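# Tertiary structure, described
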Amino acid sequence: MDDHSLDEFRRRWQEELAQAQALRKRRRPETAERRPRRPEVALGRGEQASGYLALAQGLLEGAGRPPAPRATRAERQDAASRSRSPPAREAAGGGEQLVDQLIRDLNEMDDVPFFDIQLPYELAINIFQYLDRKDLGRCAQVSKTWKVIAEDEVLWYRLCRQEGHLPESSISDYSCWKLIFQECRAKEHMLRTNWKNRKGAVSELEHVPDAVLCDVHSHDGVVIAGYTSGDVRVWDTRTWDYTAPFLDSEYEEDEPGMQPYVSFVRINGSLAVAAYEDGFLNIWDLRTGKYPIHRFEHDARIQALALSQKDATVATASAFDVVMLRPNDEGYWQIAAEFEVQKLVDYLEIVPDTGRYPVAVATAGDLVYLLKAEDSARTLHYVYGQPVTCLDVSANQAAFGVKSLGWVYEGNKILVYSLEAERCLSKLGNALGDFTCVNLSDSPPNLMVSGNMDRRVRIHDFRTDRIALSLSAHQLGVSAVQMDDWKIVSGGEEGLVSVWDYRMNQKLWEVHSRHPVRHLSFNSHSLITANVPYERVVRNTDLDFTAHRRSCALRRPRSKACASRCSRRGYTPGDGGKAPSACSICWGTPFPTRERPPCRHRGLIHAYEFAVDRLALQSTLPVCRSSADPTAGHGYALALAFPQDRS
């Protein structure tokens, strides 16, 4: 029933109610004089209406939701005693009208819902749509008719959409949306429990031999990595069955080892992009094959690369030029826009959901540019001597950190600009250290998370322009950070990955690796981290003294805890160097033979899957756990892992 029909129904109901009351007063004056006058149930705004009569009056007044108070037992007994003698029915003539029957039922018994008698089903659904899942469960216990209304598929489909479950589904995809809603809630609870207890499967993605990791990026479980050998590799951590693990370039195969380093890699749902040290750019279509569909060349080294998360738009910065590439209507790639800036670009991001004309934000020293395809480069922010240290954008805002220098020190801040109005909305934070990372696009509404060189992770509240929470998270500066509605995952320069429950200000667990965390991305069921080394030089394994110390350590006597762990996995304490994987938990990643030690200095990529009911301690990830007992707190066990480097 639409709004016009509902208003017409209310108007007719009020007219019939007025006519019935006037007719009753004219026909029965003697009856009113013989017996005491019943107090009228007037539903004024100052009086408390009870029961379903209040619900009917609320519908007449246009209220969209029934009042919450319910009559007590004494009030219901009083109303029943006052309505012992129901009014006589009208003489047989015309048929009895709807409003007469409704008023008689409301006067006789206040406990029977009038939905069961006369209210249309569509109007009942219109009223029940304002209830949440708990209220719907209570209404289903009232009567059989209410149970049918409260379990309607439209109501539970709406609840699934409101809480973010199956957003791409339609109402006809499932026959019982209440059951689907219960399954989604149970899965969400299981995933949250696994996140808190670090329970799941952990995998280390296979490394390219004789190469150092240069850059890593991921999107929806698909990971792309570039190496010093010029190789670009892709993993699909959702199915582990990807058709093109290596993305080929167009370099000649008769020149082995001559390919330039991979500077940047980016990936979205359909495209993969890699930029090389010599200024070349390769674009692959993940749906068609492993060979590039477009190749673009710059005259100088590419300094920044950006890829839109939803559409096919690529932006590159080389020297003092910024170029935007995208395919035309026929599928051929072309230059959509080209801009010239005054300084070398440090950070570059593409604004999502801009329609036909792409929009990007670039930072170059102390300048911040707004680049629109149909316009020239416009200066969004500029303060002389205050360089920008980090950048992130959303659909209508841009956030970047500013380093304060000069005689008047105001503290390092994060500025939030409106991309539509092109003006500053907020100035957040006042830190001594430089802001190294900021995450605006993945944060909940009105919140933003940032990392700083002072080793702290901060949550900023746009509503109050204040810091809602500050966590001392790392031993060195924070290099990557992301948050959702209840947790924060941060990575540091020392190689530590920490997971926090920021609602309780409590660290859940942490994992330590050798190199700085340069990439970090998670969703409800998975986490991907990448430790990228500073140096891009392949070391000689014969001169790797770290591997020599580890090889000698495997031959020395082990502790009782190590021997017990190895015995549970089928290794004997006397294996020594013959079974190096027996000490994988104590000494790091197992290697098959002593002649090929692990290349820890070449970078690591880890994929965590929390939907699998498996302890991360049983995986081959080099996690050094504390020998102390798990600490209990806040109703659940906290299995803390502390960084220990025993190599």
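Anything mentioned here points back to the structure above.
Since the structure is predicted, the reported quantities are computational estimates derived from the model, not experimental observations.

## Regarding the overall build of the protein chain
Along the backbone of the protein chain there are 13 helices and 34 strands. When burial is assessed residue by residue, the protein chain has 46% of its 647 residues classed as buried. Looking at the protein chain alone, contacts between residues at least 24 apart form 48% of all its contacts between residues at least 6 apart. As presented, the protein chain carries roughly 34100 Å² of accessible surface, and 49% of it is formed by carbon and sulfur atoms.

## Focus on the environment of Q475
One can find Q475 in the loop between strand 25 (466–472) and strand 26 (478–483). For Q475, a relative accessible area of 51% gives the class exposed. Separated by 19 residues in the primary sequence, Q475 and R456 place their C-alpha atoms 9.3 Å from one another.

## Side note on the packing of aromatic side chains
Aromatic rings in a pair are described by how distant their centres are and how their planes are angled relative to each other. Per the stated rule, a full pass over the model turns up ten aromatic pairs. Taken together, a centroid distance of 4.1 Å and an interplanar angle of 25 degrees make the contact between W195 and F610 stacked. Of this pair, W195 sits in helix 10 (residues 177–197) while F610 sits in the loop between strand 32 (604–609) and strand 33 (631–633), placing them 415 residues apart in sequence. Classification of F610 as buried rests on a relative accessible area of 2%. Taken together through their ring pairs, the aromatic side chains of W195, W509, F522, Y608 and F610 make up a single cluster. The ring centre of W195 lies 4.4 Å from the NZ or CZ of K487, which sits over that ring.

## Section: helix 10
An ideal rise of 1.5 Å per residue puts 30 Å on 21 residues; helix 10 measures up with 30 Å between its terminal C-alpha atoms. Where helix 10 is concerned, the buried positions are W177, I180, F181, C184, L191, N194, W195 and K196. One or two residues past the end of helix 10 sits R198, with phi positive at roughly 50 degrees.

Parameters at a glance
- Residues numbered from 1 in each chain as written.
- Predicted model: local features only at pLDDT ≥ 70, side-chain atom pairs only at ≥ 80, totals over all residues.
- Heavy atoms only, no water.
- Helix = DSSP H or I, 4+ residues; strand = E, 2+ residues; numbered from the N terminus.
- Buried < 20%, exposed > 50% of the residue type's maximum accessible area, 1.4 Å probe, protein only.
- Contact = heavy atoms within 4.5 Å.
- Areas by Shrake-Rupley, 256 points an atom, 1.4 Å probe, with all protein chains shown as cover.
- Phe/Tyr/Trp six-rings, centres within 6.5 Å; stacked < 30°, edge-to-face > 60°.
- Lys NZ or Arg CZ within 6 Å of the ring centre and 35° of its normal.
- Expected span 1.5 Å × (residues − 1).

Just geometry here; none of it tells us what the structure is for.
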